[in-house]
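# An overview of the molecular structure
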Amino acid sequence: MQQQFLETVALIEKVLQSGTEEAYFEVFEQYEGDIYQILMIVDWREEDEAIIEYCEKILQTRDLSVETESADNAQGFIIRLHYKDQALIIPYQGEGADRDTTLKALNQILQPDYEIRFCVASDGSDTLEFIPLPQKVWQKLDQKYPHNIDQFFRRFEPDSEFFG
């Protein structure tokens, strides 16, 4: 497993072992490395393409990219995600893009290799935090901490709303 994933797992385990929201903030605020190598920190006004770039910076797949093109639709554009041999047009509804739809589409295209989880402690802020990791790593953490992992690092569901 890559070194930065080992560091991320160590930080996650500190939070889960403590079992408090305060531990989450202490652990991540005291991290001495580049926090952007671990957390996707997404502002509610974020450019949707930037979210994909944040994720690629962390995962370093060399296979994840994004392209935007003009289109004759309600948004006036489409954003297409590429991962390995897959392509996915983000299915925005209404006018403009939205971070929730972008995050769920990104998580979808990365499956089954990777999974993004929502850092619950960041809920309620206009800047939310997410952690992408190999899905096998999340599965090991799920098995080791079955009683409290979802209260700190929530899986995406089809009806997940982060930015509401």
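Reading guide: rules and limits
- The residue numbering used here restarts from 1 in each chain and proceeds along that chain's sequence as written.
- Since the coordinates come from a predicted model, pLDDT governs what is reported: local features require at least 70, and pairs of side-chain atoms require 80 or more to be given and counted, while whole-chain, interface and lining totals use all residues.
- Note that the side-chain values use all heavy atoms of the structure and ignore hydrogens as well as water.
- Every helix listed is a DSSP run of H or I at least four residues long, and every strand listed is a run of E at least two residues long, numbered separately from the N terminus.
- As a reference, a globule follows 2.2 Å times the number of residues to the power 0.38, and the radius of gyration itself is taken over C-alpha atoms.
- Burial classes follow relative accessibility: with a 1.4 Å probe on protein chains only, a residue under 20% of its type's maximum area counts as buried, one over 50% as exposed, and anything between as partly exposed.
- Think of a salt bridge as a Lys or Arg side-chain nitrogen and an Asp or Glu carboxyl oxygen that are within 4 Å of each other.
- Buried Ala, Val, Leu, Ile, Met, Phe, Trp, Tyr and Cys residues form a nonpolar core when they are joined through side-chain atoms within 4.5 Å.
- In this analysis, two residues are considered to be in contact whenever any of their non-hydrogen atoms come within 4.5 Å of each other.
- Paired strands, in this sense, are two strands between which DSSP finds at least two bridges.
- Lines fitted to the C-alpha atoms define the axes, with helices restricted to the stretch that makes contact. Angles between their N-to-C directions range from 0 to 180 degrees.

### Quick word on the overall build of the protein chain
A count of helical and extended segments in the protein chain gives six helices and seven strands. Mapped from its N terminus to its C terminus, the protein chain presents α and β elements in the order α-α-β-α-β-β-β-α-β-β-α-α-β. Relative to a compact globule of 164 residues, whose C-alpha radius of gyration would be 15 Å, the protein chain shows 16 Å and is just as compact. Seen through its C-alpha atoms, the protein chain measures out along the principal axes to roughly 50 × 30 × 30 Å. Among the 164 residues that make up the protein chain, the fraction classed as buried is 49%.

### A word on the pattern of salt bridges
Evaluated as defined, the whole model comprises 11 salt bridges. The closest approach of N and O atoms between E67 and R80, which form a salt bridge, is 3.4 Å. Here E67 is found in strand β2 (residues 64-70), whereas its partner R80 is found in strand β3 (residues 77-83), with 13 residues between them in sequence. Close ionic contact of D142 with R155 constitutes a salt bridge, the shortest N to O distance being 2.7 Å. Note that D142 is positioned in helix α5 (residues 135-144) and R155 in the segment after β7 (153-154), a separation of 13 residues in sequence. Where salt bridges share partners, they join E115, R117, D142, D150 and R155 into one cluster.

### A word on the nonpolar core
Residues F28, L106, L110, F130 and F153 are the most contacted members of the largest nonpolar core, which totals 52 residues. Residues within four places of F28 in sequence aside, it is in contact with L11, V15, I35, I38, L39, I131 and F153.

### Brief notes about the sheet that holds β7
Read across the open sheet, the four strands follow the order β1-β6-β5-β7; overall the sheet is antiparallel. Whereas interior strands pair on both sides, the edge strands pair on one side only; in this sheet they are β1 (40-43) and β7. Here α5 sits on the sheet in contact with β5 (114-119), β6 (127-134) and β7, set at roughly 100 degrees to β6.

### Considerations on the environment of F5
Turning to its location among the elements, F5 is positioned in helix α1 (residues 3-18). A relative accessible area of 4% places F5 in the buried class. In sequence terms F5 and S70 are 65 residues apart; their C-alpha atoms lie 36 Å from each other.

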